[in-house]
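# Architecture at a glance
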Amino acid sequence: MYAVSIGEFVKVKNPKAKKAYRCVKRTKCTTDDPSRIAEDAIAILRNAGKGIRFSGMEEFGDSHGFWNDDHECPDDGPSDECERLELEACGDWIEKRVRELRTGESVDLHLGLESGFTEFVITGK
């Protein structure tokens, strides 16, 4: 079983505020399906925009061609196929990492955006 917490944070406009960000929305749920957790995480990336990755996952953008021998990136930049392969690799990594969690361990993914960030925390129960 896994506990999932997704927090959406925005920058605080008041420069005198004690914290630079405030949580505007927090969603919590439990599930026993690591593939569903990966799907939810990838949905957040898709909604954030093309090429956006969780902190620490930027390497998926540079390496997706190595994992797919028959894929060639176009000379004018990443294609939709590149994006699909990158997201697929990210999802596989997240699902694998979630399956490895023991009770009390967690994975903390952060997605930095212009106006704030999204925090995606998965904890083994």
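Check the entry above for the structure.
So, here is what we can say about the structure in this document. (Residues numbered from 1 in each chain as written. Predicted model: local features only at pLDDT ≥ 70, side-chain atom pairs only at ≥ 80, totals over all residues. Heavy atoms only, no water.)

By secondary structure assignment, the location of S5 is in strand β1 (residues 2-11). At 2.8 Å, the side chain of S5 and the side chain of R26 are in polar contact. (Helix = DSSP H or I, 4+ residues; strand = E, 2+ residues; numbered from the N terminus. Polar contact = N/O pair within 3.5 Å; in protein donor to acceptor, adjacent residues only side chain to side chain.)

What follows covers the nonpolar core. Among the nonpolar cores identified, the biggest contains 21 residues, and I37, F54, I94, L109, F120 and I122 are the most heavily contacted of them. For this core, the leading source of residues is helix α1 (residues 34-48), giving 6 residues. If near-sequence neighbours (up to four positions away) are discounted, I94 is found in contact with A38, A41, I42, F54, M57 and L109. (Core = buried A, V, L, I, M, F, W, Y, C linked by side-chain atoms within 4.5 Å. Buried < 20%, exposed > 50% of the residue type's maximum accessible area, 1.4 Å probe, protein only. Contact = heavy atoms within 4.5 Å.)

With 8 bridges connecting them, strand β3 (residues 106-113) and strand β4 (residues 116-124) associate as antiparallel partners. Paired with V107 across the strands is I122, a residue of β4. Adjacent in sequence and paired antiparallel, β3 and β4 are bridged by 2 residues. (Pairing = 2+ DSSP bridges.)

Let's shift gears to helix α3 (residues 80-99). The terminal C-alpha atoms of α3, which comprises 20 residues, lie 29 Å apart, in line with the 28 Å expected from a rise of 1.5 Å per residue. Those residues of α3 that sit buried are C82, E83, L85, E86, L87, A89, C90, G91, I94 and V98. (Expected span 1.5 Å × (residues − 1).)

Mapping E119 onto the fold places it in strand β4. Under the relative-accessibility criterion, E119 is labelled buried at 15%. In this structure E119 touches S5, I6, G7, F9, R26, D108, L109 and H110, once residues within four positions along its chain are discounted.

Our focus in this paragraph is the environment of L87. Position of L87 among the secondary structure elements: in helix α3. Separated by 44 residues in the primary sequence, L87 and A43 place their C-alpha atoms 9.4 Å from one another.

As enumerated under the stated definition, the model contains 3 aromatic pairs in all. When the centroid spacing of 4.6 Å and the interplanar angle of 10° are considered together, the rings of F9 and F117 count as stacked. Taken together, the residues F9 in strand β1 and F117 in strand β4 connect sequence positions 108 residues apart. You'll find F9 and F117 in the same group, each marked buried. (Phe/Tyr/Trp six-rings, centres within 6.5 Å; stacked < 30°, edge-to-face > 60°.)

Attention now moves to the packing of α1 against α3. In a packed pair of helices, the relevant descriptors are the angle between the two axes and the axis-to-axis distance. Contact pair α1 / α3: the axes reach a minimum separation of 8 Å and the direction vectors enclose 140°. Taken together, α1 and α3 sit at an angle that is classed as oblique. Every pair of crossing elements has a handedness; the one defined by α1 and α3 is right-handed. In this structure, α1 contributes P34, S35, I37, A38, A41, I42, L45 and R46 to the contact, and α3 contributes L87, C90, G91, I94, E95, V98 and R99. (Axes fitted to C-alpha atoms, helices over the stretch in contact; angles between N-to-C directions. Parallel < 35°, antiparallel > 145°, perpendicular 65-115°, else oblique. Left-handed = near helix turned anticlockwise from the far one by under 90°.)

So, about the sheet that holds strand β2 (residues 21-31). Judged by pairing direction, the sheet is antiparallel, and its 4 strands sit side by side in the order β2-β1-β4-β3 without closing on themselves. The sheet terminates laterally at β2 and β3, the two strands that pair on one side only. On average, each strand axis in the sheet is inclined to that of its neighbour by 15°, with strand direction left out of account. In terms of strand pairing, β1 meets β4 through 9 bridges, oriented antiparallel.

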